[in-house]
Amino acid sequence: MAEPEPEQAAVVPLYLKVAAALRSDLTDRRLAPGSRLPSERSLAHRYHVNRQTVRSALQLLREERLVVTDRRGTFAAGPEQEARFPALMARRQFFPGGAEAADALVRASLAWEAPPAALTGRLALVPGEPTLVHRHVVLSPGGAALQRSVSWFSRPALAEIPQLGRYRRGKGAGKGATLQPDLRLLYHWMHQAGLRLTRRESIGVPAGPVTTAGGVAARLVVHRVVSDQHGRALEITDIDFAAQGAAWTYEFSG
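The sections below set out a description of the structure shown in this document. (Residues numbered from 1 in each chain as written. Predicted model: local features only at pLDDT ≥ 70, side-chain atom pairs only at ≥ 80, totals over all residues. Heavy atoms only, no water.)

### Regarding the overall build of the protein chain
The secondary structure content of the protein chain amounts to 10 helices and 10 strands. Buried residues in the protein chain amount to 45% of all 254 residues. For the protein chain, the accessible area works out to roughly 13,100 Å², and carbon and sulfur atoms hold 53% of it. (Helix = DSSP H or I, 4+ residues; strand = E, 2+ residues; numbered from the N terminus. Buried < 20%, exposed > 50% of the residue type's maximum accessible area, 1.4 Å probe, protein only. Areas by Shrake-Rupley, 256 points an atom, 1.4 Å probe, with all protein chains shown as cover.)

Written out as structure tokens, the structure reads:
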């Protein structure tokens, strides 16, 4: 199995190191779907940590739907395991557009670029300073765009959320670079980092009709600001979706 990256030791908790190593094994299929993971004792010995650290790492992986646990042990999640644990698989809160958007056909990318000038101060940046930007498109079965969103992340978010920090420029998201990221568990990552979240959203109708090949399309726009317990903005997202063609559903708790 993959070893945790040693340079992470000083900046993330031990259980996140162990979870990252196991996550790599799971996503790269070094642990096949349905296979049983080593015992807590074996994992503690392998990663030179105590069993409570291993339990915390496994709990995180369970919440990320990568493993499931029953009386026989912990197993790499696959279709059979997901069918046996429907409540666990359905309860997560997803970014950016809720569970329906998370399970739909999507195109997503990350880039490192300066936000609009109006957002710079709110994101704790200086004018012209780049930050991580996430773009997300939900597609219909025919390939038409039903929902588009763009999210800008603040300096505090990149500094305090390890899963976002790994995308800093020089660590996988250079200027103009695009990736195929999976940030569905962003809000869970924020909670894991000890951040208590509040959100403020404004919902409106764009000025003027939008004409498509099929006629005039009804649209709604949502402007979301997610902040922490100190009032610092963590994420600012604009969502634009076809009101007649897509359901916009989300769950959120602080």
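This is not the end of the story, as more comes after the structure.
### Considerations on the sheet that holds strand S4 (residues 131-139)
The pairing of strands in a sheet happens through backbone hydrogen bonds and is either parallel or antiparallel. Taken together, 6 strands build an open sheet; the order of strands is S3-S4-S5-S10-S9-S6 and the sheet is antiparallel. Across the chains shown, the open sheet's two edge strands, defined by having one partner strand only, are strand S3 (105-113) and strand S6 (198-204). Ignoring strand direction, the axes of neighbouring strands in this sheet form an average angle of 15 degrees. Bridge analysis of S3 against S4 gives 9 bridges, and the strand direction is antiparallel. (Pairing = 2+ DSSP bridges. Axes fitted to C-alpha atoms, helices over the stretch in contact; angles between N-to-C directions.)

### Observations regarding the pairing of strand S1 (residues 67-70)
Sheet topology note: the S1/strand S2 (residues 73-76) ladder contains 4 bridges and is antiparallel. The residue of S2 that forms the bridge with Asp70 is Gly73. Counted between consecutive antiparallel strands, the loop separating S1 from S2 contains 2 residues.

### A closer look at the side chain of Thr131
With respect to the helices, strands and loops of the structure, Thr131 is situated in strand S4. Polar side-chain contacts of Thr131 include one of 2.5 Å to the backbone oxygen of Phe153. (Polar contact = N/O pair within 3.5 Å; in protein donor to acceptor, adjacent residues only side chain to side chain.)

### A closer look at unusual backbone geometry
Phi is positive for His48, which is not a glycine, with a value near 60 degrees. When its relative accessible area of 73% is taken as the criterion, His48 is described as exposed. Positive phi, close to 60 degrees, is recorded for Ala124, a residue that is not glycine. Tracing the backbone shows Ala124 in the loop between helix H7 (117-120) and S4.

### Description of the packing of helix H2 (residues 40-47) against helix H3 (residues 51-63)
One can describe the packing of H2 onto H3 by two numbers: an axis separation of 9 Å at closest approach and a directional angle of 105 degrees. Compared by their axis directions, H2 and H3 come out roughly perpendicular. Of H3, the residues touching H2 (which contributes Glu40, Arg41, Leu43 and Ala44) are Arg51, Val54, Arg55 and Leu58. When grouped by side-chain class, the residues that make up the contact of H2 with H3 number 4 nonpolar, no polar and 4 charged. (Parallel < 35°, antiparallel > 145°, perpendicular 65-115°, else oblique. Contact = heavy atoms within 4.5 Å. Nonpolar A, V, L, I, M, F, W, Y, C, P; charged D, E, K, R; others polar.)

### Some remarks on the pattern of salt bridges
Here the structure, examined in full by the defined rule, presents 10 salt bridges. The partner of Arg55 in a salt bridge is Glu40, with the nearest N and O atoms 3.0 Å apart. Of this pair, Arg55 sits in helix H3 while Glu40 sits in helix H2, placing them 15 residues apart in sequence. Residue class for Arg55 comes out partly exposed when judged on its relative accessible area of 35%. Here Glu113 makes a salt bridge to Arg135, at a shortest N to O gap of 2.8 Å. Of this pair, Glu113 sits in strand S3 while Arg135 sits in strand S4, and the two are 22 residues apart along the sequence. For Arg135, a relative accessible area of 34% translates into the label partly exposed. One connected set of salt bridges, linked through shared partners, spans Glu40, Arg51 and Arg55. (Salt bridge = Lys/Arg side-chain N within 4 Å of Asp/Glu carboxyl O.)

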